[in-house]
Amino acid sequence: MLWVLATIVCGYLVGCLHGSTVARWISGVNLKETGVKNAGASNAMIVLGKRYGALVALIDIGKGVFAVIAVRLLAGHFGMPGESTTLLLFVVGAAVIFGHNFPFHMKFNGGKGTATVIGVLLAIDWRFGLAGFILFILVAILSDILVFGVIMLYITLLVMAVWLDGYWPIVIATLLFLMAIWKHIENFKRIRKGTEPRIRTSFKKKQKHSE
């Protein structure tokens, strides 16, 4: 229990380290107050350009990778059994994603966890991480709606939890999936109304703006 509690606290604090905060330090632009008012890489790219988008994405993916690898190394060092290690990996992954979505320094209103869940997937099992990333890209492009691709990442996480076996990883992955649905509820409402921004349309607007 102490391991789980420590993992939750440390994972949450790592998750609170936002790429958007670094972008703000460098550019002076608060992404929560401009563009689509989201602290993620997509808004950074829209508002500040590709370099800032890449910077924010790398930081937010990186913290997911770092947290999971750190816990795996510590668990191995202390000789924890495989099932307990798997549980801790999912716990820290969930904590990092939660910290990204609900950081205390942003009044618990952060990003939506897309880049961070990619990092968590890659670090727990790179095969599932790669599969999830490919599905994310393909579904987003084919549907022309980003949120459908995002949901595929969480479905991949749930499939990975089932594959690795264990009751609690499945529970954690399910809760993260439900959280993702809740965080994107406004997107789904706009999809139903036909007002959700399309990827190709947004890309064309960026091209025209740059010209």
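We now turn to the structure provided with this report. (Residues numbered from 1 in each chain as written. Predicted model: local features only at pLDDT ≥ 70, side-chain atom pairs only at ≥ 80, totals over all residues. Heavy atoms only, no water.)

Some words on unusual backbone geometry
What is expected of a backbone is that most residues other than glycine have negative phi and most peptide bonds are trans. You will see that Lys107, though not glycine, has its phi angle at about 60°, which is positive. Along the chain, the position of Lys107 falls in the loop between helix H5 (82-101) and helix H6 (114-124). (Helix = DSSP H or I, 4+ residues; strand = E, 2+ residues; numbered from the N terminus.)

Some thoughts on the packing of aromatic side chains
Two aromatic rings, taken as a pair, are described by how far apart their centres are and by the angle between their planes. Per the stated rule, a full pass over the model turns up seven aromatic pairs. Plain terms: the ring middles of Tyr12 and Phe98 are 6.4 Å apart, the flat faces sit at 45° to each other, and that makes the pair tilted. Separated by 86 residues along the polypeptide, Tyr12 in helix H1 (residues 2-15) and Phe98 in helix H5 bring together distant segments of the chain. Classification of Tyr12 by relative accessible area gives buried; the value is 17%. Overall, Phe98 belongs to the partly exposed group, its relative accessible area being 41%. (Phe/Tyr/Trp six-rings, centres within 6.5 Å; stacked < 30°, edge-to-face > 60°. Buried < 20%, exposed > 50% of the residue type's maximum accessible area, 1.4 Å probe, protein only.)

Some points on the nonpolar core
One broad rule of soluble globular proteins: the nonpolar side chains tend to lie buried together. Of all hydrophobic cores here, the largest spans 35 residues; its most connected members are Tyr154, Leu157 and Leu176. Residue assignment for this core shows that the elements contributing at least two residues are helix H4 (50-77), H5, H6, helix H7 (126-143), helix H8 (146-164) and helix H9 (167-183). Those residues in contact with Leu157 that lie beyond four places of it in its chain are Phe90, Val117, Leu121, Ala173 and Leu176. (Core = buried A, V, L, I, M, F, W, Y, C linked by side-chain atoms within 4.5 Å. Contact = heavy atoms within 4.5 Å.)

Here we look at empty space enclosed by the protein
If you roll a probe as big as a water molecule over the atoms, it shows you where there is empty space left. With the rule as written, the count across this model stands at one cavity of 30 Å³ or more. Of the pockets and cavities examined, the largest cavity occupies roughly 30 Å³. Along the walls of the largest cavity sit Leu89, Phe90, Gly93, Ala94, Ile97, Val120, Ile124, Leu157 and Leu176, which together make up its complete lining. Counting residues per element, the ones that place at least two in the lining of the largest cavity are H5 and H6. (1 Å grid on protein atoms, 1.4 Å probe; cavity = no way out; pocket = protein on both sides within 12 Å on 5 of 7 lines; lining within 4 Å. Points joined across faces, edges and corners; volume = space filled by probe spheres on them.)

Examining the side chain of Thr85
When you line up the elements, Thr85 lands in helix H5. Setting aside its immediate chain neighbours within four residues, Thr85 contacts Ala75 and Met80.

Observations concerning the state of the cysteines
As enumerated under the stated definition, the model contains zero disulfides in all. Lacking any disulfide linkage, Cys10 is separated from the closest cysteine sulfur, that of Cys16, by 12 Å. Cys10 sits in the partly exposed class, given a relative accessible area of 48%. You can call Cys16 buried: its relative accessible area is 4%. (Disulfide = S-S within 2.5 Å.)

Here's the deal with the pattern of salt bridges
Tallying each qualifying case throughout the model produces three salt bridges. The salt bridge partner of Arg127 is Asp125, with a shortest N-O separation of 2.8 Å. By relative accessible area, Arg127 is classed as exposed at 51%. Judged by relative accessible area, Asp125 falls into the buried class, the value being 8%. Notably, a salt bridge pairs Lys189 with Glu186, separated by 3.6 Å at the nearest N-O pair. In this pair, Lys189 and Glu186 are both assigned in helix H10 (residues 185-193), three residues apart and thus about one turn of the helix distant. Assessed through its relative accessible area of 45%, Lys189 is described here as partly exposed. (Salt bridge = Lys/Arg side-chain N within 4 Å of Asp/Glu carboxyl O.)

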